[in-house]
Amino acid sequence: MKVLKGLWIGFWSGLILGLLLKWMQAVTGVRNYELLLNVDFIPLVNQVNWSELTEFVFHLIISLVIGIVYVYIAKRRRYTFGQLTIISLVLTLPTYLLFFPLAILAVEADVPEPTDMGAFLYWILAHLTYALLLPILYKTFERKNAASH
């Protein structure tokens, strides 16, 4: 059940993150959505011209893993919502900082420069949203399970 819950949480939070960054890119022109999906720096993977949908699935796979890890940590004991939020913020901390290596490593993709602090701020806001979705979805799933029993 933990894996299924983690997959559900990872899918929805990852979907919302991706759609949020796509919307932000459409509104601001800052290409963080491109940065999120970019895989042109990964050897072998970069040999294929992947579709946007396939690159989005790659993003979702990472989010599914984060969701599973989050649920395994959250299920270790009874945490308050505040504690679950802190766990989520700590667990997703690397995603905030990934902006820099992803921007530096991009080969052909038109992504923000690593020195673009506006783009970094949008990236942080989107990933903070993602981090806050994890405990919200976790608690929502818990309530639905409790109601069905």
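Refer to the structure printed above.
Residues numbered from 1 in each chain as written. Predicted model: local features only at pLDDT ≥ 70, side-chain atom pairs only at ≥ 80, totals over all residues. Heavy atoms only, no water.

Novice: Residue-level account of the packing of aromatic side chains, with values.
Specialist: According to the stated counting rule, one finds nine aromatic pairs in the structure shown. Residues Phe11 and Trp12 carry aromatic rings whose centres are separated by 5.1 Å and whose planes lie at 80° to one another, so their mutual orientation is edge-to-face. On the basis of relative accessible area, Trp12 is assigned to the partly exposed category, the value being 36%. Taking the centre distance of 5.4 Å and the plane angle of 55° together, the rings of Phe99 and Phe120 count as tilted. (Phe/Tyr/Trp six-rings, centres within 6.5 Å; stacked < 30°, edge-to-face > 60°. Buried < 20%, exposed > 50% of the residue type's maximum accessible area, 1.4 Å probe, protein only.)

Novice: Break down the nonpolar core for me, citing the residues and quoting the values.
Specialist: With 36 residues, the main nonpolar core has Leu21, Leu35, Tyr70, Trp123 and Tyr138 as its most contacted residues. If you list the elements that add at least two residues to this core, you get α1 (2–28), α2 (32–37), α3 (52–74), α4 (81–91), α6 (99–105) and α7 (117–148). It is α7 that contributes the most residues to this core, 11 residues altogether. (Core = buried A, V, L, I, M, F, W, Y, C linked by side-chain atoms within 4.5 Å. Helix = DSSP H or I, 4+ residues; strand = E, 2+ residues; numbered from the N terminus.)

Novice: Could you give an account of α4, with specific residues and numbers?
Specialist: Taken together, the buried positions of α4 are occupied by Leu84, Thr85, Ile87 and Ser88. All buried residues of α4 project into a common sector of 160° when viewed along the axis, lining one side. Exposed residues lying more than 90 degrees from the buried face of α4 are Ile86 and Val90. (Arc of directions from axis to C-beta.)

Novice: Just give me the short version of the packing of α3 against α4, but keep the residues and values in it.
Specialist: Packing of α3 against α4 leaves a shortest axis separation of 11 Å and a crossing angle of 140°. When the axes of α3 and α4 are compared, the pair comes out oblique. For the crossing formed where α3 meets α4, the hand is right-handed. Along the contact surface, α3 presents Ile66, Val69, Tyr70, Ile73 and Ala74, while α4 presents Leu84, Ile87, Ser88 and Leu91. Its residues placed into classes, the contact of α3 with α4 shows eight nonpolar, one polar and no charged. (Axes fitted to C-alpha atoms, helices over the stretch in contact; angles between N-to-C directions. Parallel < 35°, antiparallel > 145°, perpendicular 65-115°, else oblique. Left-handed = near helix turned anticlockwise from the far one by under 90°. Contact = heavy atoms within 4.5 Å. Nonpolar A, V, L, I, M, F, W, Y, C, P; charged D, E, K, R; others polar.)

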